[in-house]
Amino acid sequence: MRILVDGMGGDLAPAAPVEGAVLAARDLGAAVGLVGRRDELEAELARHDAPAGLISVEHAEVAVAMDDLNPAATVRAEPDASISKAMLMLRHDEGQAVVTMGHTGAGLADTDADG
């Protein structure tokens, strides 16, 4: 099982999502795909004793802000948002679950332009 984690989601990102990913990999042996700004995620990963081979980083340039008033429009307009990319990866069977501590509206928004 591979869990996709919105590494840019939440008030304490990327620290909190990365810490959760490391704990899931270390304690549960879960494969984790962190999705977000590669340089920030890798810098945060370097602060932890992450198990080798279980955590990968998938680059996505944009983060949906926690105070975004129209997150559905944002994820549709920003296909390179971390939550958008994580959901698209899930849709393409590149993971079996998505976890986000970010904007709930963004996590629930339909990223498919066709509905």
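A.B. asks: Just give me the short version of the nonpolar core, but keep the residues and values in it.
C.D. replies: By size, the foremost hydrophobic cluster in this structure holds 15 residues, and its most contacted members are Val18, Val32, Leu34, Leu41, Leu45 and Ile55. When contributions to this core are tallied by element, the ones reaching two or more residues are strand S1 (2-6), helix H1 (15-28), strand S2 (31-36), helix H2 (38-45) and strand S3 (55-59). By size, the runner-up hydrophobic cluster in this structure holds six residues, among which are Val75, Ile83, Ala106 and Ala109.

A.B. asks: Please give an account of the packing of H1 against H2 that cites residues and values.
C.D. replies: Packed helix pairs are specified by the crossing angle of their axes together with the interaxial distance, meaning the distance between the axes. Running from N to C, H1 and H2 point in directions that differ by 55°, and their axes come no closer than 10 Å. Overall, the two elements H1 and H2 adopt an arrangement that is oblique. Both H1 and H2 take part in a crossing whose hand is right-handed. The residues of H2 that touch H1, namely those facing Ala15, Val18 and Val22, are Leu41, Glu44 and Leu45. The residue makeup of the contact of H1 with H2, split by class, is five nonpolar, no polar and one charged.

A.B. asks: Pulling in residues and values, what's your account of H1?
C.D. replies: With 14 residues, H1 should reach 20 Å at 1.5 Å per residue; the first-to-last C-alpha distance of 19 Å fits that figure. Within H1, the full set of buried residues consists of Pro17, Val18, Ala21, Val22, Ala24 and Ala25. Looking down the long axis of H1, one finds its buried residues gathered within 160° of arc, a one-sided arrangement. Facing away from the buried side of H1, by more than 90 degrees, are the exposed residues Asp27 and Leu28. In this structure, the buried residues of H1 make contact with S1, S2, H2 and S3. In the stretch just after H1, glycine 29 is the one whose phi turns positive, near 70°.

A.B. asks: Hey, could you go over the pairing of S1 for me, with residue numbers and the actual values?
C.D. replies: With five of five residues buried, S1 lies mostly within the body of the structure. Going residue by residue along S1, you find Arg2, Leu4 and Asp6 tucked away on one face and Ile3 and Val5 tucked away on the opposite face as well. As paired elements, S1 and S2 share five bridges and run parallel to each other. Across the sheet, residue aspartate 6 finds its bridge partner in S2, namely valine 35. Note that the unit made of S1, H1 and S2 has a crossover that is right-handed.

A.B. asks: Tell me about the pairing of S2, and name the residues and values.
C.D. replies: Across the six residues that make up S2, a large majority, five, are buried. Two elements, S2 and S3, share five bridges in a ladder whose sense is parallel. Residue pairing in the sheet places glycine 36 in a bridge with histidine 59 of S3. Note that the unit made of S2, H2 and S3 has a crossover that is right-handed.

About the criteria used
Residues numbered from 1 in each chain as written. Predicted model: local features only at pLDDT ≥ 70, side-chain atom pairs only at ≥ 80, totals over all residues. Heavy atoms only, no water. Core = buried A, V, L, I, M, F, W, Y, C linked by side-chain atoms within 4.5 Å. Buried < 20%, exposed > 50% of the residue type's maximum accessible area, 1.4 Å probe, protein only. Helix = DSSP H or I, 4+ residues; strand = E, 2+ residues; numbered from the N terminus. Axes fitted to C-alpha atoms, helices over the stretch in contact; angles between N-to-C directions. Parallel < 35°, antiparallel > 145°, perpendicular 65-115°, else oblique. Left-handed = near helix turned anticlockwise from the far one by under 90°. Contact = heavy atoms within 4.5 Å. Nonpolar A, V, L, I, M, F, W, Y, C, P; charged D, E, K, R; others polar. Expected span 1.5 Å × (residues − 1). Arc of directions from axis to C-beta. Pairing = 2+ DSSP bridges. Right-handed = clockwise from strand over helix to strand, strands pointing away.

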